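# Analysis of the macromolecular model
Read off the chains here:
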Amino acid sequence: MVLTGLGLRDGNAVLAAFFGINLLAGLGIILGMILLIVPGLILAARWSAANAALLAEGDGVNAALGRSWHMTGPSLWPIIGVQL
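Turning to the nonpolar core, a few remarks are in order. By size, the foremost hydrophobic cluster in this structure holds 11 residues: A17, I21, A25, L43, W47, A50, A53, L54, V61, A64 and L65. Those elements giving two or more residues to this core turn out to be helix 1 (11–35), helix 3 (50–57) and helix 4 (61–72). Beyond its immediate chain neighbours, meaning those up to four positions away, A50 contacts I21, A64, L65 and S68.

Now for the confidence of the model for the protein. Detailed reading of the predicted model is not advised wherever pLDDT is low. Across the protein, the average pLDDT comes to 79, with 86% of residues at or above 70. In the model of the protein, strand 1 (residues 2–3) stands out as the element of lowest mean pLDDT, 49, in contrast to helix 5 (residues 76–83), which has the highest, 88.

Before going further, it helps to examine the packing of helix 2 (residues 37–46) against helix 5. Look at helix 2 against helix 5: their axes get within 9 Å of each other, and the N-to-C directions meet at 105°. Classified by the angle their axes make, helix 2 and helix 5 are roughly perpendicular. Taking contact as the criterion, the partners of L41, I42, A44, A45 and R46 in helix 2 are, on helix 5, L76, I79, I80 and Q83. A breakdown of the residues in the contact of helix 2 with helix 5 according to their chemical character gives 7 nonpolar, 1 polar and 1 charged.

The rules behind these values
Residues numbered from 1 in each chain as written. Predicted model: local features only at pLDDT ≥ 70, side-chain atom pairs only at ≥ 80, totals over all residues. Heavy atoms only, no water. Core = buried A, V, L, I, M, F, W, Y, C linked by side-chain atoms within 4.5 Å. Buried < 20%, exposed > 50% of the residue type's maximum accessible area, 1.4 Å probe, protein only. Helix = DSSP H or I, 4+ residues; strand = E, 2+ residues; numbered from the N terminus. Contact = heavy atoms within 4.5 Å. pLDDT = per-residue confidence, 0-100. Axes fitted to C-alpha atoms, helices over the stretch in contact; angles between N-to-C directions. Parallel < 35°, antiparallel > 145°, perpendicular 65-115°, else oblique. Nonpolar A, V, L, I, M, F, W, Y, C, P; charged D, E, K, R; others polar.

What follows is the structure in structure tokens.
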């Protein structure tokens, strides 16, 4: 069990969820970079908080990616500027 500060969670579930988030986000960002540079930068910025959202909310991979998408929306261009 892993103590995340929000309750006990199964370590294997957390590891699998982190693997899933990084796999999905990485594939999406790479596809965005292949199509054009700008979509890849936007996806990287919008999904940058996905791991934090996973730990804070305790939801699944898709919910964490969605939460990250909504959290980073107002600050999209400053996040892209920092990443560059």
